[in-house]
Amino acid sequence: MKFKLGRLVATSGATEAMLQCEQFSEEVNQCIYKHLTGDYGTVSLDEHDTKMNEDSIINGQVKRFGRVLSRYELSKGDVYIITERVQSTITTILFTSEY
């Protein structure tokens, strides 16, 4: 793993979709692993965004006021997984339409 996940939360829309569809829930779990290992999904296609993600990671943690952003195309719609650190680290799962 490239960095620590911290507290994991999801928006109500993402939570509802995961509860209603086991396949989508499994897809999200796979994407969390990808996010933590540096596969940022479609964000990886942009060198600038990938560099911003990599610059936010120091010694296995997201640096203070840093953010790591991933975007994945899944069966129920595109999702963002965002790990941020202000006082503590938190990772949020949300549909791109909820951003």
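Our structure's up above, just so we're on the same page.
This is a predicted model, so every value here is computed, not measured.

Colleague: Run through the side chain of Thr91, naming residues and quoting values.
Modeller: Counting through the fold element by element, Thr91 comes out in strand E6 (residues 89-95). In terms of polar contacts, Thr91 uses its side chain to reach the backbone carbonyl oxygen of Leu5, at 2.6 Å. Only 2.7 Å separates the side chain of Thr91 from the side chain of Thr83, close enough to count as a polar contact.

Colleague: Go over the side chain of Thr11 with me, naming the residues and quoting the values.
Modeller: Looking at the element boundaries, Thr11 is found in the loop between strand E1 (7-10) and helix H1 (12-20). Of the polar contacts made by the side chain of Thr11, one reaches the side chain of Glu98; its length is 2.5 Å. With near-sequence residues (within four places) excluded, Thr11 lies in contact with Ile93, Leu94, Phe95 and Glu98.

Colleague: Quick one: what's the story with helix H2 (residues 22-36), residue by residue and with numbers?
Modeller: Taking 1.5 Å per residue as the helical rise, H2 with its 15 residues ought to reach 21 Å, and the 21 Å between its terminal C-alpha atoms agrees with that figure. The complete set of buried residues in H2 reads Phe24, Glu27, Val28, Cys31, Ile32, His35 and Leu36. For H2, the secondary structure elements touched by its buried residues are E1, H1, strand E4 (67-74), strand E5 (77-85) and E6. A positive backbone phi angle near 95° is found at Gly38, which sits one or two residues after H2.

Colleague: Any chance you could break down the pairing of E5 for me, citing the residues and the numbers?
Modeller: One ladder, built from 8 bridges, connects E4 with E5; its direction is antiparallel. When the bridges of E5 are listed, Leu74 appears paired with Gly77. Hairpin connection between E4 and E5: a loop of 2 residues separates the two successive antiparallel strands. Here 7 bridges tie E5 to E6, and the two strands are oriented antiparallel to one another. Among the inter-strand pairings, Glu84 is bridged to a residue of E6, identified as Ile90. The antiparallel pairing of E5 with E6 creates a hairpin that spans 3 residues between the two strands.

Colleague: Which residues make up the state of the cysteines, and what values go with them?
Modeller: On inspection of all chains with the given rule, the structure shows 0 disulfides. The closest cysteine sulfur to the non-disulfide-bonded Cys21 is located on Cys31, 13 Å from its own sulfur. A residue is classified by how much of its surface remains accessible, and Cys21, at 16% relative accessible area, is buried.

What counts as what
Residues numbered from 1 in each chain as written. Predicted model: local features only at pLDDT ≥ 70, side-chain atom pairs only at ≥ 80, totals over all residues. Heavy atoms only, no water. Helix = DSSP H or I, 4+ residues; strand = E, 2+ residues; numbered from the N terminus. Polar contact = N/O pair within 3.5 Å; in protein donor to acceptor, adjacent residues only side chain to side chain. Contact = heavy atoms within 4.5 Å. Expected span 1.5 Å × (residues − 1). Buried < 20%, exposed > 50% of the residue type's maximum accessible area, 1.4 Å probe, protein only. Pairing = 2+ DSSP bridges. Disulfide = S-S within 2.5 Å.

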